[in-house]
Amino acid sequence: MTKDELRIVFFGTPEFAVESLDTLVKNGFNIVAAVTMPDKAAGRGQKISQSDVKKYAVAHGIPVMQPEKLKNPEFLDELRSYNAHLFIVIAFRMLPEAVWAMPALGTFNLHAALLPRYRGAAPINRAVMNGDTETGVTTFFLDHNIDTGDIISRERIEIGPDENAGSVHDRLMTLGATLTLDTVRHIIAGDLHTTPQSELTGDEQPTPAPKIFKEDCLIDWRRTPEGIHNHVRGLAPYPAAWSNLTMGGAEGENETTVKILATKLTDGLVAPRLMPGELALISKHAFAGTGNGTIELISVQPAGKRPMQAPDWLRGLRPGENGRQPFLK
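Residues numbered from 1 in each chain as written. Predicted model: local features only at pLDDT ≥ 70, side-chain atom pairs only at ≥ 80, totals over all residues. Heavy atoms only, no water.

Draft legend 1. The arrangement of the overall build of the protein in detail. The number of helices and strands found in the protein is 8 helices and 16 strands. Referenced to the eigenvectors of the C-alpha coordinate spread, the extents of the protein come out at roughly 75 × 50 × 30 Å. Taking all 329 residues of the protein together, 47% fall into the buried category. Long-range contacts, defined as pairs at least 24 residues apart, comprise 65% of the intrachain contacts of the protein with a sequence gap of at least 6. With an accessible surface of roughly 16500 Å², the protein has 49% of that area assigned to carbon and sulfur atoms. Side-chain charges of the protein comprise 34 positive and 39 negative groups, with the mean position of each set lying 7 Å from the other. (Helix = DSSP H or I, 4+ residues; strand = E, 2+ residues; numbered from the N terminus. Buried < 20%, exposed > 50% of the residue type's maximum accessible area, 1.4 Å probe, protein only. Contact = heavy atoms within 4.5 Å. Areas by Shrake-Rupley, 256 points an atom, 1.4 Å probe, with all protein chains shown as cover. Lys, Arg positive; Asp, Glu negative; His and termini not counted. Charge placed at Lys NZ, Arg CZ, Asp CG, Glu CD.)

Printed below as a string of structure tokens:
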């Protein structure tokens, strides 16, 4: 089969998927349809929001399907009508067998991790939160379970010690597009060599990467500075780590919340000794105590306000005035 003969249906929703879709289109592949999430109301005004994949598909004249239920007979009939040879899935939802088993050449997924590590919805966040020094992207054929199919190919990148999830996301998005294109070319050539995930050993044992919820983002100031630093950068810029702010010390009542967007590790020699969550402004630097030392706060976002430099935020709280002692808990 040639590139011109190959018919592809693309499944995806966010910006991460668009990069691969755009790469395929620019390289002359025939995307006969795109499947994405239904439009939804978002924001205060509840304006109808379209997925990034839908916006791209409409702009490039690609037919769009937005099924509420993937087992709906009408959707399956419409999907079948495109006579696709290959399905590609990137940042979508779990497909039933009735969908992924449909095309003759199979269905492959691009996953933002080095499978079998970080199976699940939040692989990038979890890798950075855990302090991993490398990650990558994987293409694999779908099977009955989430992220367990035979691996087609993987590519690795290093994670910098101060790099956040947003930066890793953008680099993997670009790398993933290249790997997706390479995978399709190998499928056409018929020279794939897949590897069952069960054959991988050593440090590559399966690990979960469950969806991030608000409670997962709360900072535990009793952790080590390294643990807190990884937690913060693994959730930056979105959904962002957060903490409760009190103005009466450790036992004060919760007044508001604040997002912690960036931190910096300190050697402990230039930083004050502080209780976990205790805040201090010294020499134009904002510090917070942890369970084992001190961490510097670089940028924060108070509730209802825009992001700002942490020293400016802490200075505005007027610590020490009339017994006002800011504390994170």
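Draft legend 2. Structural view of the sheet that holds strand β7 (residues 107-111). Here 7 strands make up an open sheet; going across it, the order is β5-β2-β1-β6-β7-β8-β9 and the pairing mixed. Strands with a single pairing partner mark the edges of an open sheet, and in this sheet they are β5 (64-65) and β9 (151-158). Here 4 bridges tie β7 to strand β8 (residues 134-141), and the two strands are oriented antiparallel to one another. Paired with His-111 across the bridge in β8 is Thr-138. (Pairing = 2+ DSSP bridges.)

Draft legend 3. Fine view of the nonpolar core. Counting residues in each nonpolar core, the largest one holds 40 residues, and the members touching the most others are Phe-10, Ile-88 and Val-184. Among the elements that line this core, the one with the most residues is helix α6 (residues 165-189), at 8 residues. Residues in contact with Phe-10, not counting those within four places in the same chain, are Ala-17, Ser-20, Leu-21, Leu-24, Ile-31, Ala-33, Ala-34, Val-35, Val-53, Ile-88 and Ile-90. Grouped together as the second largest cluster of nonpolar side chains are 26 residues, Ile-212, Ala-241, Leu-279 and Ala-310 included. (Core = buried A, V, L, I, M, F, W, Y, C linked by side-chain atoms within 4.5 Å.)

Draft legend 4. Local environment of the pattern of salt bridges. One pass over the full model with this rule turns up 9 salt bridges. Note that Arg-171 and Glu-163 form a salt bridge whose closest N and O atoms lie 2.9 Å from each other. According to the relative accessible area criterion, Arg-171 is partly exposed, its value standing at 34%. Overall, the relative accessible area of 13% leaves Glu-163 in the buried class. The residue Arg-222 makes a salt bridge to Asp-220 at a minimum N-O spacing of 2.9 Å. (Salt bridge = Lys/Arg side-chain N within 4 Å of Asp/Glu carboxyl O.)

Draft legend 5. Geometry of the side chain of His-111. Topologically, His-111 is positioned in strand β7. Polar contacts involving the side chain of His-111 include one to the main-chain carbonyl oxygen of Tyr-118, which spans 2.7 Å. When residues no more than four places from it in sequence are discounted, the contact partners of His-111 are Tyr-118, Arg-119, Gly-120, Pro-123, Gly-136, Val-137, Thr-138, Phe-140 and Asp-147. (Polar contact = N/O pair within 3.5 Å; in protein donor to acceptor, adjacent residues only side chain to side chain.)

Draft legend 6. Quick peek at the pairing of strand β2 (residues 30-35). The buried fraction of β2 is high, at 5 of 6 residues. Handedness of the crossover joining strand β1 (residues 7-12) and β2 through helix α1 (residues 15-26) is recorded here as right-handed. Of the strand pairs in this sheet, β2 and β5 are connected by 2 bridges, and their pairing is parallel. Among the inter-strand pairings, Ala-34 is bridged to a residue of β5, identified as Val-64. (Right-handed = clockwise from strand over helix to strand, strands pointing away.)

Draft legend 7. Spatial organisation of the packing of aromatic side chains. Scanning all chains against the criterion turns up 2 aromatic pairs. Consider the rings of Phe-11 and Phe-87, whose centres lie 5.2 Å apart with planes at 55 degrees: the pair is tilted. Residue Phe-11 is found in strand β1, and its partner Phe-87 is found in strand β6 (residues 86-90); the two are separated by 76 residues along the sequence. What makes Phe-11 buried here is its relative accessible area of 0%. Note on Phe-11 and Phe-92: the rings are 5.8 Å apart at their centroids and 65 degrees apart in plane angle, and the pair reads as edge-to-face. Within this pair, whereas Phe-11 is found in strand β1, its partner Phe-92 is found in the loop between β6 and α4 (97-100), the two being separated by 81 residues in sequence. (Phe/Tyr/Trp six-rings, centres within 6.5 Å; stacked < 30°, edge-to-face > 60°.)

Draft legend 8. Highlighting the packing of α1 against α6. The contact between α1 and α6 brings their axes to 8 Å, and the two run at 40 degrees. Handedness of the crossing formed by α1 with α6: right-handed. Together, Glu-15, Phe-16, Glu-19, Ser-20, Thr-23 and Leu-24 of α1 and His-169, Leu-172, Met-173, Thr-174, Gly-176, Ala-177, Thr-180, Leu-181 and Val-184 of α6 make up the contact between the two elements. Among the residues forming the contact of α1 with α6, the class breakdown is 7 nonpolar, 6 polar and 2 charged. (Axes fitted to C-alpha atoms, helices over the stretch in contact; angles between N-to-C directions. Left-handed = near helix turned anticlockwise from the far one by under 90°. Nonpolar A, V, L, I, M, F, W, Y, C, P; charged D, E, K, R; others polar.)

Draft legend 9. Highlighting the pairing of β1. The buried fraction of β1 is high, at 5 of 6 residues. Across 5 bridges, the pairing between β1 and β2 is parallel. Bridging across to β2, Arg-7 finds its partner in Asn-30. Direction of pairing for β1 relative to β6: parallel, over a ladder of 5 bridges. Across the sheet, Ile-8 pairs through a bridge with Leu-86, a residue of β6.

Draft legend 10. Representation of the side chain of Asp-147 in the model. Within the element layout of this structure, Asp-147 appears in the loop between β8 and β9. The side chain of Asp-147 sits in the buried core without any salt bridge; Arg-119 is the nearest counter-charge, 6.6 Å away. Once you skip the residues sitting within four places of it in the chain, Asp-147 turns out to touch Asn-109, His-111, Leu-115, Arg-119, Gly-120, Phe-140 and Gln-197.

Purely spatial values, then, with no claim about function.
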